[in-house]
Amino acid sequence: LWWLIATTAVATTTFVDSTAPASYSGVTGAVSPPVVGSNTPPTSWKHITSNGNRLLGAGSWESGGKTSRVWYTAVPGASDVGDLERVPTSNYVDLDEQDGDEVTGLVGNHLGNVVVFKRNQIWKLIPTGDAVTPYSRVCLTKFVGCVEAKTIVQAEDENGNPAIYFLSRKGPYRISTSGLEYCGRDIEDIWATVN
């Protein structure tokens with residue numbers, strides 16, 4: 001057996017490509033590469049979530065960034081060129097940039113919708129099924145918001161329905177099938193002492 005192993009040839013394949021890329025002809029795959037400037041590199045998002053087959057990001061760690069803009073990626077397979085990472089320049093929804101402070105958190109799927117919390121507002125992004133405008137925006141309230149993403153919890157209400165619990169400046173709230181509900185009546189004396 002040892003002589004069989006010693007005499008068996010092992011083949012390798014190597015290829016040297018000395019052609020300059022500028023000399024290539026044709027299309028590199030099924031779709032042409034994207035036009036320069038048609039995508040934007042995402043900012044360093046403070047908040048990120050997913051909704052179906054898209055990533056959504058909001059807020060910005062850089063100064064001068066849009067603090068009330070929600071960006072969303074292209075659908076995978078739309079161009080087959082970096083779809084999971086690219087953000088076309090028109091893929092965003094602005095939510096009252098100069099009102100209600102900054103985005104403080106995102107929930108990617110609550111009853112099929114994206115919920116966007118600002119410090120003093122709550123918005124819902126409803127999937128439209130349209131490739132050009134995939135989300136329509138609806139303001140749930142301009143009187144209550146969320147103080148911090150770490151306070152947002154997806155859970156159930158007393159009936160087992162999906163609910164989102166969060167802390168606002170006014171105290172604990174939830175969003176459920178019954179709408180926006182205040183949950184802090186029995187702790188108002190304690191909450192009044194919180195800075």
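An account of the accompanying structure is given in this report. (Residues numbered from 1 in each chain as written. Predicted model: local features only at pLDDT ≥ 70, side-chain atom pairs only at ≥ 80, totals over all residues. Heavy atoms only, no water.)

Structural notes on the overall build of the protein
Rules: A run of DSSP states H or I qualifies as a helix once it reaches four residues; a run of E qualifies as a strand once it reaches two. Both are numbered from the N-terminal end. With a 1.4 Å probe rolled over the protein chains alone, any residue whose accessible area is under 20% of its type maximum counts as buried; one over 50% counts as exposed, and the rest are partly exposed. Working rule for contacts: check all heavy atoms of both residues, and any pair within 4.5 Å makes them a contact.
For the protein, the count of helices and strands is 2 helices and 14 strands. Across the 195 residues that make up the protein, the buried fraction comes to 33%. Summarising the internal contacts of the protein: among those between residues at least 6 apart in sequence, 37% fall at separations of at least 24.

Concerning the sheet that holds strand β3 (residues 54-58)
This is how it is decided: Each pair of strands is called paired provided DSSP finds at least two bridges between the two strands. Note on geometry: axes are C-alpha line fits, over the in-contact stretch for helices, and angles between N-to-C directions span 0 to 180 degrees.
Sheet architecture is open: 4 strands sit in the order β2-β3-β4-β6, paired in antiparallel fashion. At either end of the open sheet lies a strand with only one pairing partner, and these are β2 (47-51) and β6 (92-94). Within this sheet the neighbouring strands show an average axis-to-axis angle of 20°, counted without direction.

Looking at the side chain of D157
Condition: Residues scored as positive are Lys and Arg, those scored as negative are Asp and Glu, and His as well as the terminal groups of each chain are ignored. Every case where a carboxyl oxygen of Asp or Glu lies within 4 Å of a side-chain nitrogen of Lys or Arg is listed as a salt bridge. As used in this structure description, the phrase polar contact means that two N or O atoms lie within 3.5 Å; if the pair is within protein, one of them must be able to donate a hydrogen and the other to accept it, and residues adjacent in sequence are counted only when both atoms belong to side chains.
Along the chain, D157 turns up in the loop between β11 (153-156) and β12 (162-168). No salt bridge is formed by the buried D157, whose closest oppositely charged neighbour, R174, lies at an N-O distance of 4.9 Å. Within the local environment of D157, its side chain forms a polar contact with the backbone nitrogen of N159, the two atoms lying 2.9 Å apart.

A few points about the sheet that holds strand β13 (residues 171-176)
Spatial strand order, β11-β12-β13-β14: 4 strands in an open sheet with antiparallel pairing. Only two strands of the sheet have a single neighbouring strand rather than two, namely β11 and β14 (179-182). Taking each pair of neighbouring strands and ignoring which way they run, the sheet shows an average axis angle of 30°. As judged from the 4 bridges shared by β13 and β14, these two strands associate in the antiparallel manner. Bridge pairing links I175 to L180 in β14.

Description of the pairing of β11
Both β11 and β12 contribute to a ladder of 4 bridges, which runs antiparallel. By the bridge assignment for β12, V153 is matched with Y165. The antiparallel pairing of β11 with β12 creates a hairpin that spans 5 residues between the two strands, and G160 there sits at a positive phi of about 85°.

With respect to the nonpolar core
Note the following rule: In this text, buried Ala, Val, Leu, Ile, Met, Phe, Trp, Tyr and Cys residues form a nonpolar core when linked through side-chain atoms within 4.5 Å.
Of all hydrophobic cores here, the largest spans 13 residues; its most connected members are L56, V70, L95, V116, L125 and Y135. With residues up to four places along the chain from it excluded, the contact list for V70 reads L56, G57, A58, N91, Y92, V93, L95, L106, V116 and L125. Counting 11 residues, the second-largest nonpolar core is a separate cluster that includes F117, I122, V144 and Y173.

What about the layout of surface pockets?
Selection rule: Cavities and pockets are found on a 1 Å grid laid over the protein atoms alone: a cavity is a set of points where a 1.4 Å probe fits but cannot escape, a pocket is an open set with protein on both sides within 12 Å along at least five of seven lines, and a lining residue has an atom within 4 Å of such a point. Grid points are joined across faces, edges and corners, and a volume is the space filled by probe spheres set on the points.
Quantified by volume, the largest pocket comes out at close to 150 Å³. The wall of the largest pocket is formed by 12 residues, among which R54, A74, P88, N91 and A131 lie closest to the centre.

Some words on the packing of aromatic side chains
The way to describe two aromatic rings as a pair is by their centre distance and the angle between their planes. Convention followed: The aromatic pairing rule takes the rings of Phe, Tyr and Trp, using the six-membered ring of Trp, and pairs them if the centres are within 6.5 Å, calling planes under 30 degrees apart stacked, those over 60 edge-to-face and the rest tilted.
What the rule picks out here adds up to 5 aromatic pairs. Ring centres of F117 and F166 lie 4.8 Å apart, and the angle between their planes is 55°; on these two criteria the pair is classed as tilted. Separated by 49 residues along the polypeptide, F117 in strand β8 (residues 113-118) and F166 in strand β12 bring together distant segments of the chain. The exposure classification of F117 matches that of F166, with both residues buried. Arranged with centres 6.1 Å apart and planes meeting at 20°, the rings of F166 and Y173 form a pair that is stacked. Take F166 and Y173: they sit in the same class, and that class is buried. These aromatic residues form a ring-pair network of at least three members: F117, F166, Y173 and Y182.

What about unusual backbone geometry?
Even without glycine at this site, D96 takes up a positive phi of about 50°. If you trace the backbone, D96 turns up in the loop between β6 and β7 (103-110). Assessed through its relative accessible area of 21%, D96 is described here as partly exposed. Backbone geometry at L111 places phi at a positive 55°, although glycine is not the residue there.

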